[in-house]
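The lines below spell out each chain.
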Amino acid sequence: MRTCFVKSVFVASLGLCGCAAFRPSTGSSCAEAHALADQARQAEDEGQFERADDLLERALLVNPDDAEIHRRRARLLLNHGDVDGAVAHLRYAIARDPEDAAGLMDLAELLARRGRLPEAERAAHEALSLEPLHVEGLLLVARLATARGGEAEALEIWHRVLGLEPENVEARLGIAEVRLRGEHPEQAAPLLRAVCRTSLAEPDERAQAFWALGRLDASRGRWGETAEAFTAAAALQPGLTADQWYELSFARLKNGEADEARRG
């Protein structure tokens, strides 16, 4: 399972909510602000970050309560490494538009990236109260629950995700990891095999599943299956740790593949 909290590039919600949704402003100021924001988007597309940021700053001076423009600036700042600045603008946008579930989820992911896990969890739960079937939101909450030791809660959420997306790779890996630590680790095997087979899994996810499956087979003395799983895992990784090389070589040796074991 991925250990990082943010598993996708932040995409701000840029629906044209309009100035009228917030503090009253003149039509001309709204139009001017959005014209500046459009110029900023073009500047960013051309790689002119400083000009884009300056244009968005000017747009917010013209119409400081425009949640859309705050979201645009949050996206711009994040794309250039300013997570704290992005968080500040997202907070303002959400304050003006508290039913913005996508914005709340983006905020939760950024707070998690900053290690502010309790705040991230609160924002994620707020987002899910607005969109209870948001799969990425559920997965984020499961990761946050795991980080604070809430394994039972994470397990329930992963099962809920599989009810919505039966082939979800992250949920399968999460459940398998819990099963491997339980009294009946063999219950993880079908989930791990499913991840190994699916085209939906990233190479690192498939490698993780193969390593786990191989270790499970090793614990049961099934060295042929162990060597096969470890070999498949190694083929999916650009480089192995010393421990992984040892595991692979040992499995090959136990399986009677002495020459392969010596080659590593």
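Residues numbered from 1 in each chain as written. Predicted model: local features only at pLDDT ≥ 70, side-chain atom pairs only at ≥ 80, totals over all residues. Heavy atoms only, no water.

### Re the packing of helix α11 (residues 203-219) against helix α12 (residues 223-235)
Packed helix pairs are specified by the crossing angle of their axes together with the interaxial distance, meaning the distance between the axes. Packing of α11 against α12 brings their axes to within 8 Å, and their N-to-C directions diverge by 160°. As judged from the angle between their axes, α11 and α12 are roughly antiparallel. Between α11 and α12 lies a crossing of left-handed hand. In this structure, α11 uses Ala207, Phe210, Trp211, Gly214, Arg215, Asp217 and Ala218 to contact α12, whose residues at the interface are Trp223, Glu225, Thr226, Ala229, Phe230, Ala232, Ala233 and Ala234. (Axes fitted to C-alpha atoms, helices over the stretch in contact; angles between N-to-C directions. Helix = DSSP H or I, 4+ residues; strand = E, 2+ residues; numbered from the N terminus. Parallel < 35°, antiparallel > 145°, perpendicular 65-115°, else oblique. Left-handed = near helix turned anticlockwise from the far one by under 90°. Contact = heavy atoms within 4.5 Å.)

### Observations regarding helix α7 (residues 135-147)
For α7, built from 13 residues, the straight-helix expectation of 18 Å at 1.5 Å per residue is met to within 8% by its first-to-last C-alpha distance of 18 Å. A large share of α7 lies buried, amounting to ten of its 13 residues. Of the residues making up α7, those classed as buried are Val135, Gly137, Leu138, Leu139, Leu140, Val141, Ala142, Arg143, Leu144 and Ala145. Where α7 is buried, its residues meet α5 (101-113), α6 (117-130), α8 (151-164) and α9 (169-180). At the exit of α7 stands Gly149, carrying a positive phi of roughly 90°. (Expected span 1.5 Å × (residues − 1). Buried < 20%, exposed > 50% of the residue type's maximum accessible area, 1.4 Å probe, protein only.)

### Here we look at the side chain of Asp53
Following the sequence through the fold, Asp53 ends up in helix α2 (residues 49-62). Excluding residues within four positions of it along the chain, Asp53 makes contact with Arg73, Leu76 and Leu77.

### What about the environment of Ala88?
Relative to the elements of secondary structure, Ala88 occurs in helix α4 (residues 83-96). Separated by 14 residues in the primary sequence, Ala88 and Ala74 have C-alpha atoms spaced 7.8 Å apart.

### Notes on α11
With 17 residues, α11 extends 24 Å between its outermost C-alpha atoms, agreeing within 8% with the 24 Å of an ideal straight helix rising 1.5 Å per residue. Within α11, burial applies to Glu205, Ala207, Ala209, Phe210, Trp211, Ala212, Leu213, Gly214, Leu216 and Asp217. Packing partners of the buried residues in α11 comprise α9, α10 (189-197), α12 and α13 (242-254). Directly beyond the C-terminal end of α11, a positive phi value near 70° is found at Gly221.

### Points about the packing of aromatic side chains
Considering all chains together, one arrives at three aromatic pairs under this definition. Residues Trp211 and Phe230 carry aromatic rings whose centres are separated by 4.8 Å and whose planes lie at 40° to one another, so their mutual orientation is tilted. Taken as a pair, Trp211 in helix α11 and Phe230 in helix α12 lie far apart in primary sequence, 19 residues in all. For Phe230, a relative accessible area of 2% gives the class buried. Ring geometry for Tyr246 against Phe250: centres 5.9 Å apart, planes inclined by 20°, an arrangement best described as stacked. With a gap of four residues between them, Tyr246 and Phe250 both fall in helix α13, about one helical turn apart. (Phe/Tyr/Trp six-rings, centres within 6.5 Å; stacked < 30°, edge-to-face > 60°.)

### A word on the nonpolar core
One finds Leu107, Leu110, Ala124, Trp158, Val161 and Leu192 to be the most contacted residues of the largest nonpolar core, which totals 61 residues. With eight residues, α7 is the single largest residue contributor to this core. In terms of nonpolar packing, the next biggest core, distinct from the first, is built from twelve residues, Ala43, Leu55, Ala59 and Leu76 among them. (Core = buried A, V, L, I, M, F, W, Y, C linked by side-chain atoms within 4.5 Å.)

### Overview of the pattern of salt bridges
If you walk through the whole model with that rule in mind, you get 20 salt bridges. Note that Glu156 is salt-bridged to Arg160, the shortest N-O span being 2.9 Å. One end of the pair is Glu156 and the other is Arg160, both in helix α8 and four residues apart, which spans about a single turn. Under the relative-accessibility criterion, Arg160 is labelled partly exposed at 38%. A cluster of three or more residues bridged by salt bridges with shared partners is formed by Asp38, Glu68 and Arg72. (Salt bridge = Lys/Arg side-chain N within 4 Å of Asp/Glu carboxyl O.)

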